Amino acid sequence: MGYNVAIDGPAGAGKSTIAKLVAKEKGFVYVDTGAMYRGLAVHFLDRGLRPEETDKIIEACGDAQVTIKYEEGIQQVYLNGTNITARLRDEEVGNMASKSSPIPQVREKLLELQQGLAREQDVIMDGRDIGTCVLPNADVKVYLTASVETRAKRRYDELVEKGISCSLDEIAKDIKERDERDMTRDTAPLKQAGDAVLIDSSCMSVKEVVEAILALCR
Ligand code: DC
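Keep in mind that what you see is a predicted model, and the values were worked out from it rather than measured.

Draft legend 1. Fine view of the environment of Leu-159. Tracing the chain through its elements places Leu-159 in helix 7 (residues 148–161). Judged by relative accessible area, Leu-159 falls into the buried class, the value being 12%. The sequence separation of Leu-159 and Pro-136 amounts to 23 residues, and the corresponding C-alpha distance is 35 Å. Excluding residues that lie within four positions of it along the chain, Leu-159 makes contacts with Ile-164, Cys-166 and Ile-171.

Right under this line is the structure:
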C-alpha cells in the first residue's frame, strides 16, 4: 500500500494547484480524479449524448476504457487508447462530467482505477469523495475550500489572463450550481470526511496552504 493523501473540496478551491506542489515537494504521484470523470464525459459527448440520457450514458460506460499515464510527471488521460488530455478543460466537458458523475455506474467504472493507483504508489489524490469513499483509510485527509466569491474571482482572473472575456457574476452562478449538484447527489456527495482537516484558503496564499498540508504529511 502506498502512502495516501486525499484532498477533497468544491470546484475552484485550488485543489490541483496545491496537490501538484505537494506532490513535487514529497515525490508523490498526483492523481487528478476529476480528469477521469472528464475523460468519460468526452466519451459521452462524442457519442452525441445529453446529460439527461442516463440509460444511454450507463450503456456507453460499457465500451469506455479510461487509462492514465504519466509523461514527464504529468497525468495524461487516455480514452480507448487516444490521448484526450487537451480536451478535458472544455466547459462542455466540465458540465457533462458534473452532470454524469452522480450516476453510480459512472462512479463504479472509475473507482477501481483510482484505488489501484493508490495501492501501487505514494499518491496525493484530489476529487470530491476521496477521503469519504475512494480512500477511506488515507494517511492524510484534507477538505480544501474557499468562499464562492474567492473561487469565482480566481477563475475570472485565470480566464482574463488567457484573453477570454467572461462575467464574474456568471462564473459565481456556475460555481454555486456545481457546488449544489456535487453536494446533494445521492451517490458519493461532496462532504468533509469526519477525520479530514478543514483548510479554508480564502485568505491564504498558495504557499501557506502547501505548507499547512506538508505539515500534516509524514
Ligand atoms: O474537479 P473537476 O472540476 O475536474 O471535476 C469535474 C466533475 O467531476 C465535478 O463537477 C464532479 C466530478 N467529480 C466527482 O464526482 N468525483 C471526483 N472524485 C472528482 C470529480
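Draft legend 2. Region of interest: helix 8 (residues 168–184). Here helix 8 is 17 residues long and its end C-alpha atoms lie 24 Å apart, about the 24 Å a rise of 1.5 Å per residue gives. For helix 8, the full list of buried residues reads Ile-171, Ala-172, Ile-175, Arg-178, Asp-179 and Asp-182. Looking straight down helix 8, one finds its buried side chains confined to an arc of 130°; they lie on one side. The outward face of helix 8, more than 90 degrees from its buried face, is lined by the exposed residues Asp-169, Lys-176 and Glu-180.

Draft legend 3. Structural context of the nonpolar core. Of all hydrophobic cores here, the largest spans 34 residues; its most connected members are Leu-40, Phe-44, Ile-57, Val-77, Val-106, Met-125 and Leu-135. Breaking this core down by element, the ones donating at least two residues are helix 2 (33–46), helix 3 (54–61), strand 3 (66–71), strand 4 (74–79), helix 4 (91–100), helix 5 (104–120), strand 6 (123–127) and helix 6 (130–134). Among the elements that make up this core, the one with the highest residue count is helix 2 (seven residues). Residues within four places of Met-125 in sequence aside, it is in contact with Val-5, Ala-6, Ile-7, Val-31, Thr-33, Gln-114, Ala-118, Ile-130, Val-134 and Leu-135. Listed in part, the 19 residues of the second largest apolar core include Ile-18, Phe-28, Tyr-30 and Leu-144.

Quick notes on the rules
- Residues numbered from 1 in each chain as written.
- Predicted model: local features only at pLDDT ≥ 70, side-chain atom pairs only at ≥ 80, totals over all residues.
- Heavy atoms only, no water.
- Helix = DSSP H or I, 4+ residues; strand = E, 2+ residues; numbered from the N terminus.
- Buried < 20%, exposed > 50% of the residue type's maximum accessible area, 1.4 Å probe, protein only.
- Contact = heavy atoms within 4.5 Å.
- Expected span 1.5 Å × (residues − 1).
- Arc of directions from axis to C-beta.
- Core = buried A, V, L, I, M, F, W, Y, C linked by side-chain atoms within 4.5 Å.

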